[in-house]
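# Descriptive structure summary
Below, each chain spelled out in residue letters.
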Amino acid sequence: MSFDPDAVETIAFDSYGTLVDVSAVADPLSEHVDEHDPELVANLWRERSLSYAMVGNAIGEYDSFYEMNRHALRYALETIGVDIGADEREEILSTYHDLPVFDDVHDGIERLRDAGYDCYIVSNGSEDMLESLLEEADLGDLIRDTVSADEIQQFKPQPELYRHAADEIGTPISEIAFVAAGWWDVPGGSNAGMQGVWIDRQDTLWGPYEMDPDLTVESVHELADTLDA
């Protein structure tokens with residue numbers, strides 16, 4: 001399926017890695033990982049937390065994404081042989097409450113909002129994580145509402161969370177453009193019935209899927225251009 005701008009009524013954004021930069025966790029990690037590359041450790045942490053979420057989906061167990069991140073951070077540090085106390089791990093983990101916003105986000109979403117599009121966040125993040133994201137990233141005036149995995153206790157890329165979001169938003173799912181940086185997230189949204197927009201933040205590879213993104217962009221501004229916003 002190709003992107004149909006005329007069919008888009010609402011825009012839903014993923015949060016972590018899409019609106020805010022999760023790679024920033026490398027900074028507090030750098031104080032503890034000795035000779036290891038903090039960016040690689042941050043990637044290991046991120047990938048493990050996503051793996052925990054996906055396994056949780058598969059076996060019918062749920063814990064908040066913040067808790068998943070807590071376990072994944074401990075795994076990443078133990079994997080590289082770094083032993084630090086629980087308080088220090090919590091300090092690193094708390095970075096998720098104050099991640100920097102990508103440069104294109106505020107102005108890009110403002111263009112979409114001013115063109116008449118309601119913008120939402122649909123995230124694996126827990127409700128308290130999303131509350132702090134809106135506050136710390138100063139997105140409260142731009143994002144109409146958030147939808148958290150906490151609400152149905154299932155994570156993306158299972159279709160249930162995308163479909164729940166469409167129900168909560170009140171827009172037919174085919175009229176929602178779902179924007180995410182995750183190579184695993186966009187296929188989930190498309191599979192559920194949304195128009196999948198891949199914002200390729202890291203110039204990375206798309207997965208080995210038969211489906212392609214309905215649209216690939218490098219910034220929120222490029223999406224706004226496509227929608228004539």
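Quick look at the structure, then.

What counts, and where the lines are drawn
Per-chain numbering applies: the sequence of each chain, read as written, is numbered from 1 onward. This being a predicted model, a pLDDT of at least 70 is required before a residue's local features are given, and a value of 80 or more before pairs of side-chain atoms are given or counted; all residues contribute to the totals for chains, interfaces and linings. Where side-chain values are given, they derive from all heavy atoms of the structure, hydrogens and water being excluded. The patches described consist of residues with a relative accessible area above 30% and no salt bridge, like charges being joined within 9 Å and nonpolar side chains (Val, Leu, Ile, Met, Phe, Trp, Tyr) within 5 Å. For the area figures, the Shrake-Rupley method with a 1.4 Å probe applies, and any residue is considered shielded solely by the protein chains shown. By salt bridge we mean one thing: a side-chain nitrogen of Lys or Arg within 4 Å of a carboxyl oxygen of Asp or Glu. The positive count covers Lys and Arg only, the negative count covers Asp and Glu only, and His and the chain ends enter neither. For the purpose of locating charges, the reference atoms are NZ of Lys, CZ of Arg, CG of Asp and CD of Glu. A run of DSSP states H or I qualifies as a helix once it reaches four residues; a run of E qualifies as a strand once it reaches two. Both are numbered from the N-terminal end. Only protein chains enter the area calculation, which uses a 1.4 Å probe; residues under 20% of their type maximum are buried, those over 50% are exposed, and those in between are partly exposed. Each pair of strands is called paired provided DSSP finds at least two bridges between the two strands. Handedness is read with the strands pointing away from the viewer; a crossover is right-handed when the path from the first strand over the helix to the second is clockwise. Helix axes are fitted to C-alpha atoms over the stretch in contact, other axes to C-alpha atoms as well, and angles between N-to-C directions run from 0 to 180 degrees. We call two directions roughly parallel when the angle between them is under 35 degrees, roughly antiparallel when it is over 145, roughly perpendicular when it lies between 65 and 115, and oblique otherwise. With the far helix as reference, a near helix turned anticlockwise by less than a right angle produces a left-handed crossing, and one turned clockwise produces a right-handed crossing. By the convention used here, residues are in contact when the closest approach between their heavy atoms is within 4.5 Å. Residues are grouped as follows: Ala, Val, Leu, Ile, Met, Phe, Trp, Tyr, Cys and Pro are nonpolar; Asp, Glu, Lys and Arg are charged; every other residue, Gly included, is polar.

On the surface, D27, E31, D37, E39, D87, E88 and E91 cluster together into a negatively charged patch. In this structure, D87 sits in helix α4 (residues 86-93). The class for D87 is exposed, based on a relative accessible area of 69%.

This part is about the pairing of strand β5 (residues 195-199). The buried fraction of β5 is high, at 5 of 5 residues. Neither face of β5 is open: one carries Q195, V197 and I199, the other G196 and W198, and all of them are buried. Bridge analysis of strand β4 (residues 176-180) against β5 gives 4 bridges, and the strand direction is parallel. Considered in β5, the bridge of A180 is made with W198. This β-α-β element, β4 to helix α8 (residues 185-192) to β5, shows right-handed connectivity. Pairing of β5 with strand β6 (residues 215-217), which is carried by 3 bridges, proceeds in the parallel orientation. Paired with V197 across the bridge in β6 is L215.

Packed helices, taken two at a time, are described by their axes: the angle between them and the distance between them. Where helix α7 (residues 159-169) contacts α8, the two axes come as close as 8 Å, and the packing angle between them is 60 degrees. When the axes of α7 and α8 are compared, the pair comes out oblique. The element α7 and its partner α8 pack so that their crossing is right-handed. When α7 is examined against α8, the residues P159, Y162 and R163 are found in contact with a partner set consisting of D185, G188, G189, N191 and A192. Class assignment for the residues of the contact of α7 with α8 results in 3 nonpolar, 3 polar and 2 charged.

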